[in-house]
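So you can see what is in the structure, the chains are spelled out below.
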Amino acid sequence: MLIAHIADLHVSADGLPVHAIVDTDAATRAVIAAVNAARPDVVVVAGDVTHGGEDAAARRARDLLAGLEAPVYVCPGNHDRRDALRAAFGRRPDDRDDAWMAYAVDDLPVRLIAMDAATDDPMVGALPEAQVAWLAARLAEQPERPTAIVLHHPPFDTGIDWLDQIGISEGRHRLGDVLAAHRNVRALLCGHLHRPMRGTWYGTPVIAAPSVMDRVAFVGTHADGSPITAIDAPPGFALHRVPEGDWLPETCFMNGHSEAWQAAMPDPWAE
Ligand SMILES: [Fe+2]
């Protein structure tokens, strides 16, 4: 089974570049083309589908993602509004709680569970006790089955202070207790960091995909001492190959935001 894992598209409501600089439509189209070339069985979108959360942005993201050939499952990030995502992408039958957007996908070799640590404040992530209890109940249904959780916010601290300040402020240890009790959860597939990063949480691998939009610097300060929060880098995504229950994540970078640049390059996926 091949899972394509994309995150942080930050699609705008009007199609204009985000921050007047980043053409997230073009970056999304370029990632979609590369993902299709990899022929995954499924695509998970680990949040920040939109930049501003608007209904129009969610619809535009849906229309862009319609270019993917594999089934697509989304979870909300801190820039999204779950009601807008539900309106655009549809509400799954088991996504029943208005306070969060969470559901399971059971028709694939690896079970997928989407979770939601977004709150009304984009600067605050949280996993309410009731949502973690919901997760525990879902995991108890199929305790032996290889499972991946899709969650925008990685639960670990990154060492990037400003990112850690907008991480999960409540409930991450509760989540860890559930993970520690369910070793069939093979990975948390996350976003939020706008850069690839791997770690573990209570023994479970956590993989943050590089962002479609841009990349966050790991360390560094400007001359005035303020942190460097973004550097120019190509959009990217992650591929997870799961043969016979193992977990072999691969990170794929694309080279350049520019569609013209890509068109001029030889196809790295060509057989
Ligand atoms: Fe983001």
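Now for a look at the structure at hand. Bear in mind the structure is a predicted one, so any value in this text is a computation, not a measurement. (Residues numbered from 1 in each chain as written. Predicted model: local features only at pLDDT ≥ 70, side-chain atom pairs only at ≥ 80, totals over all residues. Heavy atoms only, no water.)

## Re the overall build of the chain
To keep it simple, the criterion reads: Segments assigned H or I by DSSP are reported as helices when at least four residues long, segments assigned E as strands when at least two residues long, and all are numbered from the N terminus. Taken over C-alpha atoms, the radius of gyration is set against a globule rule of 2.2 Å times the number of residues to the power 0.38. Think of it in three bands: residues with accessible area under 20% of the maximum for their type are buried, residues over 50% are exposed, and the middle band is partly exposed, with areas taken using a 1.4 Å probe on protein chains only. Only heavy atoms enter the contact rule, under which two residues are in contact if any of them lie within 4.5 Å. Each accessible area is a Shrake-Rupley result for a 1.4 Å probe, and residues are judged covered by the shown protein chains and nothing else. None of His or the chain ends enter the tally, which takes Lys and Arg as positive and Asp and Glu as negative. Taken as the charge location is NZ of Lys, CZ of Arg, CG of Asp or CD of Glu.
A tally of helices and strands in the chain yields seven helices and 13 strands. On C-alpha atoms alone, the chain measures out to a radius of gyration of 17 Å, which is about the 18 Å that the 2.2 N^0.38 rule sets for 271 residues. Here the C-alpha coordinates of the chain stretch approximately 50 × 50 × 35 Å along the principal axes. Among the 271 residues that make up the chain, the fraction classed as buried is 53%. A sequence separation of at least 24 residues applies to 68% of the contacts in the chain between residues at least 6 apart. Of the accessible surface of the chain, which amounts to about 11700 Å², a share of 53% is contributed by carbon and sulfur atoms. For the chain, the distance from the average site of its 22 positive side-chain charges to the average site of its 38 negative ones is 4 Å.

## Quick word on the coordination of the iron ion
We apply this condition: Metal donors were taken as nitrogen, oxygen and sulfur atoms no farther than 2.8 Å from the ion, or 3.2 Å where the ion is Na, K or Ca. Water is excluded, so coordination may look unfinished. Here the metal geometry follows the donor angles, with tetrahedral for four donors whose angles all fall between 85 and 135 degrees, square planar for four and octahedral for six when opposite donors are more than 155 degrees apart and every other angle is between 65 and 115, and irregular for all the rest.
Protein ligation of the iron ion involves Asp8 (OD), His10 (NE2), Asp48 (OD) and His194 (NE2), the donor distances falling in the range 2.0 to 2.2 Å. For the iron ion, the four donor atoms in the first shell make angles of 90 to 177° at the metal, so the coordination geometry reads as irregular.

## Examining the side chain of His152
What counts is decided by this rule: Pairs of N or O atoms are called polar contacts if they sit within 3.5 Å, as long as, within protein, a hydrogen donor faces a hydrogen acceptor (for residues adjacent in sequence, only side-chain-to-side-chain pairs).
As for its position among the elements, His152 is in the loop between strand S7 (147-150) and helix H5 (161-164). According to the relative accessible area criterion, His152 is buried, its value standing at 0%. Within the structure, the side chain of His152 is placed 3.0 Å from the side chain of His192, a separation counted as a polar contact. In this structure His152 touches Asp8, Ala46, Gly47, Asp48, Cys75, Pro76, Gly77, Asn78, Cys190, Gly191 and His192, once residues within four positions along its chain are discounted.

## Observations regarding the sheet that holds strand S5 (residues 111-114)
The condition that has to hold: Think of it this way: DSSP has to see at least two bridges between two strands before they count as a pair. Simply put, an axis is a line fit to the C-alpha atoms, just over the touching stretch for a helix, and the angle between two N-to-C directions goes from 0 to 180 degrees.
Here we have six strands laid out as an open sheet, ordered S4-S5-S7-S9-S11-S10, and mixed in their pairing. Where the open sheet ends on each side, the last strands, each with one partner, are strand S4 (103-105) and strand S10 (197-201). Here the average twist between neighbouring strands, direction ignored, is 20°. Set on the sheet, helix H4 (residues 129-141) makes contact with S4, S5, S7 and strand S9 (185-190); between it and S5 the angle comes to about 170°.

## Remarks on H4
The periodicity of an α-helix, 3.6 residues per turn, causes residues three or four positions apart to be oriented the same way. Quick reminder of the rule: Working rule for helices: expected span equals 1.5 Å times residues minus one. In this context, the arc is that of the directions from the helix axis out to the C-beta atoms.
Over its 13 residues, H4 extends 19 Å from the first C-alpha to the last, a length consistent with the 18 Å expected when each residue adds 1.5 Å. Looking only at H4, the buried set comprises Gln131, Val132, Trp134, Leu135, Arg138 and Leu139. Along the axis of H4, the buried residues cluster in a sector spanning 150°; they form a single face. Those residues of H4 that are buried are in contact with S4, S5, S7, helix H6 (172-180) and S9.

## Quick notes on the pattern of salt bridges
Just so we agree on the cut-off: The salt bridge criterion pairs a side-chain nitrogen of Lys or Arg with a carboxyl oxygen of Asp or Glu, the two atoms within 4 Å.
If you walk through the whole model with that rule in mind, you get 16 salt bridges. Of the charged contacts, one joins Arg29 and Asp25 as a salt bridge, the two residues approaching to 3.9 Å between their closest N and O atoms. Separated by four residues within a single helix, Arg29 and Asp25 lie in helix H1 (residues 24-38), roughly one turn from each other. Judged by its relative accessible area of 40%, Arg29 is partly exposed. For Asp25, a relative accessible area of 5% corresponds to the buried category. Among the ionic pairs, Arg172 bridges to Asp157, the shortest N-O distance being 3.2 Å.

## Some details on the nonpolar core
Nonpolar side chains tend to gather and get buried jointly when the protein is soluble and globular. The line we're drawing: The term nonpolar core refers to a set of buried residues drawn from Ala, Val, Leu, Ile, Met, Phe, Trp, Tyr and Cys, joined through side-chain atoms within 4.5 Å.
Ranked by size, the top nonpolar core spans 51 residues in total, and within it Ile3, Ile6, Val35, Leu112, Leu189 and Trp247 carry the most contacts. A total of six residues in this core trace back to one element, the largest contributor, which is H1. Not counting residues within four places of it along the chain, the set of residues in contact with Leu189 comprises Ile3, His5, Val44, Ala46, Ala148, Ile149, Val150, Leu151, Ile207, His240 and Trp247. Counting 30 residues, the second largest nonpolar core, distinct from the first, contains Ile113, Trp134, Ile168 and Val178.

## Quick word on the pairing of S10
As defined by bridge partners, S10 adjoins strand S11 (residues 204-208) across five bridges and the pair is classed as antiparallel. Within S11, the position partnered with Thr200 by the bridge is Pro205.

## Focus on unusual backbone geometry
The phi dihedral of Ala20 falls on the positive side, at around 60°, and the residue is not glycine. Secondary-structure assignment places Ala20 in the loop between strand S1 (2-6) and H1. Accessibility expressed as a relative area gives 70% for Ala20, which makes it exposed. Of note, the phi angle at Tyr202 is positive, near 50°, even though the residue is not glycine. Tracing the backbone through its elements, the reader meets Tyr202 in the loop between S10 and S11. The exposure class assigned to Tyr202 is partly exposed, which follows from its relative accessible area of 32%.

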